[in-house]
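# Structural overview for review
Spelled out, the chains give:
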Amino acid sequence: MSCYEIYFSPTGGTKKVADILAKGIGKNFEVIDMIKYPDRLQQLHLTEQDLCLIAVPSFGGRVPSAAAEALKKAKGSGAGAVLAAVFGNRAIDDTLAELQDILEEAGFTCFAGIEAVAEHSLMRQFGTGRPDPEDERELTDFAVKIRGRMDGADAGGGLKLPGNRPYREYNGVPLKPEANSRCVACGLCAQECPAGAIPRDHPQDTDREKCISCMHCVSLCPQKARSCSKLLTLAAGQKLKKHCAGRKENRLY
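Residues numbered from 1 in each chain as written. Predicted model: local features only at pLDDT ≥ 70, side-chain atom pairs only at ≥ 80, totals over all residues. Heavy atoms only, no water.

## Concerning the overall build of the protein chain
Filter applied, for reference: Numbering of helices and strands runs from the N terminus, with a helix taken as a DSSP run of H or I at least four residues long and a strand as a DSSP run of E at least two residues long. Restricting the calculation to C-alpha atoms gives the radius of gyration, and the globule rule supplies 2.2 Å times the number of residues raised to the power 0.38. Contacts are assigned to residue pairs that have any heavy atoms within 4.5 Å of one another.
Scanning the protein chain from terminus to terminus reveals 7 helices and 8 strands. Here the protein chain has a C-alpha radius of gyration of 18 Å; the compact-globule value for 253 residues is 18 Å, and the two agree. The contacts of the protein chain with a sequence gap of at least 6 include a subset with a gap of at least 24, amounting to 81%.

This is how it looks when you write it as structure tokens:
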């Protein structure tokens, strides 16, 4: 049996959730960062005995387009899948349903699902510090249950996750990171942009049509030279304040 921890984590929150779950399950996981190694998933030769922990953030209630396209190219071959949708203290809407559909179409057997809160990738005032110790305890306890089910006679099948079909419409957000005067054109952002929205020959630019506002370039930049419009960020924060207020809870399926 081989185990894989597969995540799309532009700013690190989804990775934190995936790491907690993998540790709780207690198996020897090979880590696959879908942003740094986008082709690794397609290279896997999975079997029914294998386990894939697959974690993605919720972008506007949907699976990020770059992650969805990569996952559609995988060959599940009956491997078991634990699904995690990570959201910034608003809601996941149809993210888990879409993720389940993508994975089952690719040949995976989905047998556990998680909605988990992490710090918002655009507005850090929402979900600040999460997953926190309380989240870690809750996610770890659920991971232990997943391990017990894996060791039992019936590991999966028949999973029902929340979400609507057709999925919620999502056309992106106007927040697109741009480079400022601190940019030294090192090209790291262009190298790792999952949407190919930053030209390698001129990384100061951003293709606003391709950009999915994942904020990986902002998080990654060693010079802290990429950011979004402060005015637009403030306006977006005010718009989300009502929906992201209070402490949202994780949900386990």
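## What to know about the nonpolar core
To be explicit about the condition: In this description, a nonpolar core means a group of buried Ala, Val, Leu, Ile, Met, Phe, Trp, Tyr and Cys residues linked to one another through side-chain atoms lying within 4.5 Å. Think of it in three bands: residues with accessible area under 20% of the maximum for their type are buried, residues over 50% are exposed, and the middle band is partly exposed, with areas taken using a 1.4 Å probe on protein chains only.
Counting 37 residues, the largest nonpolar core has Leu71, Leu103 and Phe108 as its most contacted members. Contact partners of phenylalanine 108, with chain neighbours within four places excluded, come to Leu46, Cys52, Ile54, Ala74, Gly76, Ala79, Ala81 and Leu103.

## Things to note about the packing of helix H1 (residues 13-25) against helix H4 (residues 133-151)
Convention followed: Every axis in this analysis is a line fitted to C-alpha atoms, fitted for helices over the stretch in contact. Angles between the N-to-C directions lie between 0 and 180 degrees. Note on angle classes: values under 35 degrees are labelled roughly parallel, values over 145 roughly antiparallel, values of 65 to 115 roughly perpendicular, and the remainder oblique. Crossing chirality is assigned from the near helix's rotation relative to the far helix, an anticlockwise turn below a right angle marking it left-handed and a clockwise turn marking it right-handed.
At a closest axis distance of 7 Å, the pairing of H1 and H4 adopts a crossing angle of 45°. Overall, the two elements H1 and H4 adopt an arrangement that is oblique. Handedness of the H1/H4 crossing: right-handed. In this structure, H1 uses Val17, Ile20, Leu21, Gly24 and Ile25 to contact H4, whose residues at the interface are Glu136, Leu139, Thr140, Ala143, Val144, Ile146, Arg147 and Met150.

## Digging into helix H7 (residues 230-244)
Heads up, the rule is: Bending is quantified residue by residue as the angle between axes fitted to the seven-residue window ending at that residue and the seven-residue window starting at it.
Glutamine 238 marks where H7 bends most, by close to 30°. Residues of H7 that are buried include every one of Ala236, Gly237, Leu240 and Cys244, and no others. Trailing H7 by a residue or two, glycine 246 shows a phi angle of about 75°, which is positive.

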